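Chain and residue survey
For reference, the chains in residue letters:
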Amino acid sequence: MTETPPLTIDVDYLQDQLKALLEIASPTGFTDNVVRYVCQQLDALDIPFELTRRGAIRARFAGRERAGARAFVSHVDTLGAQVKQLKPNGRLGLVPIGTWSARFAEGARATILARNGAYRGTILPPKASGHSFGDEVDEAPIGWDHVELRVDAFAHDEALLRRLGIEIGDIVAIDPQPEFLDNGFIVSRHLDNKAGVAVMLAALKALVERGKEPPVDLFWLFTIAEEVGQGAAAVLLPDIASMVAVDNGTSAPGQNSSEFGVTICMGDQTGPFDYHLTNKMVDLCGLHDIKFQKDVFRFYRSDSASAIEAGADVRTALITFGVDASHGYERIHLHALRSLSELLTVYGLSDVDIERDKKIMAGLRGFTSQPEDLAEQELLTVPVEDPIIGDAGK
């Protein structure tokens with residue numbers, strides 16, 4: 001079966017979108033501004049969209065049929081923090097938004113998003129000066145109870161903090177500090193998942209410019225609270241039969257993810273992803289010479305998790321860009337982002353393999369099957385002295 005080749009991805013557009021997205025503070029709970037930005041980009045591509053009450057986006061690229069629609073999903077929210085305490089020394093106690101270590105918060109520049117205006121500050125351990133505390137600086141414990149936010153304003157005690165209008169519960173945005181290197185590496189906080197949003201916009205732009213009608217509707221979902229466990233459940237439609245999440249992979253010792261090509265996640269802490277949809281991603285990469293590798297993530301959940309847990313009967317897959325030091329000082333490579341965008345285009349235009357998925361409920365006819373026959377094997381001739389097989393290979 002011939003398939004439409006990957007569409008040309010506008011890499012400059014992809015990078016520009018990522019840069020613009022990183023400039024917009026969007027910790028979970030403070031996503032209105034980034035939602036407005038993404039909607040403006042959809043308008044520029046002439047793609048219709050609608051929003052939920054809280055701001056999750058569902059855009060539609062029309063196909064030949066509506067039933068059995070496909071969806072792509074990424075999240076616009078990022079990690080951050082929240083003010084837990086106004087301390088007597090005029091500094092702020094914090095709790096994290098999302099799961100990340102205070103180890104990576106120490107030294108971060110940040111913005112306190114108070115209701116009457118924003119203030120700048122720095123997250124520091126209480127004993128931050130080597131001149132004052134000597135070796136105690138290096139002996140301090142790590143944890144959110146052992147950091148505080150120094151506000152860049154006249155605030156030497158709790159009363160002055162209150163006078164500034166800073167309150168318990170105010171959201172704190174962490175500076176991304178992005179660097180785009182000439183060799184293709186990108187280093188920044190919040191690549192999870194601003195990079196996924198940029199990947200989806202670049203793929204959508206390529207599809208719009210190609211002008212070819214996909215076999216079924218393609219929905220582009222942008223969620224607002226994935227980092228705290230809320231994902232795509234609120235924006236799914238019954239017509240959506242399959243959903244591909246675009247997010248970060250975890251490049252680390254013991255993992256198979258890479259900062260190059262597509263990393264296809266076979267399973268995460270919620271269990272295996274859909275057998276058929278995941279293997280279609282693998283087959284498309286092989287057919288179109290898109291570099292890929294597979295991985296399994298043990299301490300990970302994506303936008304699809306909330307949908308499955310809410311009872312949505314939708315096939316799910318997770319395709320990722322390998323991130324080094326995820327939820328810390330993250331690094332990716334442009335090669336992975338381009339590869340992901342290419343995979344989205346070929347999947348969006350590919351034939352529908354499971355026609356039965358166009359119906360919410362149906363009989364056994366057309367239902368899928370999974371192979372379990374014994375694989376064919378050929379025992380290769382090995383030397384007699386082989387320590388494992390011995391003389392079995394003679």
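Residues numbered from 1 in each chain as written. Predicted model: local features only at pLDDT ≥ 70, side-chain atom pairs only at ≥ 80, totals over all residues. Heavy atoms only, no water.

Considerations on the packing of aromatic side chains
Cut-off, in case you're wondering: Each aromatic pair joins two rings of Phe, Tyr and Trp (for Trp, the six-membered one) with centres within 6.5 Å, and gets the label stacked for planes under 30 degrees apart, edge-to-face for over 60, and tilted for any other angle. Any Lys NZ or Arg CZ that is within 6 Å of a ring centre and within 35 degrees of that ring's normal is treated as a charge sitting over the ring.
Under the criterion given, the structure shown has 6 aromatic pairs. Among the aromatic residues, those joined into a ring-pair cluster are Phe-72, Trp-220 and Tyr-347. Directly above the ring of Tyr-347 sits Arg-70, whose terminal nitrogen or CZ lies 4.5 Å from the centroid.

Some points on the pattern of salt bridges
Where charged atoms from two side chains of opposite charge come close, those side chains can pair. So the rule is basically this: Salt-bridge detection follows one rule: a side-chain nitrogen of Lys or Arg within 4 Å of a carboxyl oxygen of Asp or Glu.
Tallying each qualifying case throughout the model produces 21 salt bridges. Look at the salt bridges and you will find they share partners, linking Arg-60, Arg-66, Asp-217 and Asp-239 into a network.

Considering the state of the cysteines
What counts here: Working definition: a disulfide is two cysteine sulfur atoms within 2.5 Å of each other.
Using the criterion set out here, one finds 0 disulfides in the structure. We note that Cys-285 lacks a disulfide partner, and the nearest cysteine sulfur, in Cys-265, lies 14 Å from it.

Some points on helix H2 (residues 32–44)
So the rule is basically this: Strands here are runs of E lasting at least two residues and helices are runs of H or I lasting at least four, both read from the DSSP assignment and numbered beginning at the N terminus. Each residue after the first adds 1.5 Å to the expected span of a helix. Burial status follows relative accessibility: with a 1.4 Å probe on protein chains alone, a residue under 20% of its type maximum counts as buried, one over 50% as exposed, and anything between as partly exposed.
Its 13 residues place the ends of H2 19 Å apart at the C-alpha level, agreeing with the 18 Å of an ideal helix rising 1.5 Å per residue. Of the positions making up H2, those classed as buried are Val-34, Val-35, Tyr-37, Val-38, Cys-39, Gln-41 and Leu-42. The first or second residue beyond H2 is Asp-46, which carries a positive phi of 60°.

Points about the environment of Ile-354
What counts, and what does not: Working rule for contacts: check all heavy atoms of both residues, and any pair within 4.5 Å makes them a contact.
Note that Ile-354 resides in the segment after helix H9 (334–349). When its relative accessible area of 15% is taken as the criterion, Ile-354 is described as buried. Leaving out residues up to four positions away in the same chain, Ile-354 has contacts with His-276, Arg-315, Gly-366 and Thr-368.

Looking at the packing of helix H1 (residues 11–22) against helix H6 (residues 191–210)
Spelled out, the test is: Every angle, taken between N-to-C directions, lies between 0 and 180 degrees, and every axis is a line fitted to C-alpha atoms, over only the stretch in contact when it is a helix. Each angle receives one of four descriptions, namely roughly parallel if under 35 degrees, roughly antiparallel if over 145, roughly perpendicular if within 65 to 115, and oblique otherwise. What makes a crossing left-handed is the near helix being turned counterclockwise from the far one by less than a right angle; a clockwise turn instead makes it right-handed. Residues are grouped as follows: Ala, Val, Leu, Ile, Met, Phe, Trp, Tyr, Cys and Pro are nonpolar; Asp, Glu, Lys and Arg are charged; every other residue, Gly included, is polar.
Where H1 meets H6, the axes come as close as 9 Å, and the angle between the chain directions of the two elements is 140°. Taken together, the axes of H1 and H6 are oblique relative to one another. The hand of the H1/H6 crossing is right-handed. In contact with Tyr-13, Leu-14, Gln-17, Leu-18, Leu-21 and Leu-22 of H1, H6 contributes Leu-191, Lys-194, Ala-195, Val-197, Ala-198, Leu-201, Ala-202 and Lys-205. In terms of residue class, the contact of H1 with H6 is made up of 11 nonpolar, 1 polar and 2 charged.

Comments concerning the nonpolar core
What counts, and what does not: Residue types Ala, Val, Leu, Ile, Met, Phe, Trp, Tyr and Cys, when buried and joined through side-chain atoms within 4.5 Å, form a set referred to as a nonpolar core.
Within the largest apolar cluster, 63 residues are counted, with the highest numbers of intra-cluster contacts made by Trp-220, Phe-222, Met-281, Ile-319 and Leu-337. Ranked by residues supplied to this core, first place goes to H6 with 12 residues. Trp-220 has contacts with Ile-57, Arg-58, Ala-59, Phe-61, Phe-72, Met-200, Ala-203, Leu-204, Leu-207 and Leu-344, leaving out every residue within four places of it along the chain. Core analysis: the next-biggest nonpolar cluster, separate from the first, contains 26 residues, Leu-94, Ala-108, Ala-110 and Ala-114 among them.

What about the side chain of Gln-17?
Put simply, the rule reads: Under the rule applied, a polar contact is a pair of N or O atoms within 3.5 Å (in protein, one hydrogen donor and one hydrogen acceptor; residues adjacent in sequence only if both atoms are side-chain atoms).
Here Gln-17 is to be found in helix H1. Since its relative accessible area comes to 5%, Gln-17 is described here as buried. Within the structure, Gln-17 has its side chain in polar contact with the side chain of Gln-41 (distance 3.1 Å).

Re unusual backbone geometry
Excluding glycine, most residues fall at negative phi; most peptide bonds, likewise, are trans. Note the cis peptide between Asp-192 and Asn-193, where omega equals 5°. In this fold, Asn-193 is placed in helix H6. With a phi angle near 70°, His-190 is a residue other than glycine that sits in the positive phi range. Looking at where His-190 falls in the secondary structure, it is placed in the loop between strand S11 (185–188) and H6. His-190 sits in the buried class, given a relative accessible area of 10%.

Let's talk about helix H7 (residues 275–287)
Helix length check: H7 (13 residues) gives 18 Å between terminal C-alpha atoms against 18 Å at 1.5 Å per residue, within 8%. What H7 keeps buried is the set Leu-277, Thr-278, Lys-280, Met-281, Val-282, Leu-284 and Cys-285. The inward-facing, buried residues of H7 abut strand S3 (65–75), strand S13 (240–251), strand S14 (262–268), strand S16 (292–296), strand S17 (315–324) and H9. The N-cap of H7, judged by a side-chain oxygen 3.1 Å from the amide nitrogen of His-276 a few residues on, is Asp-274.

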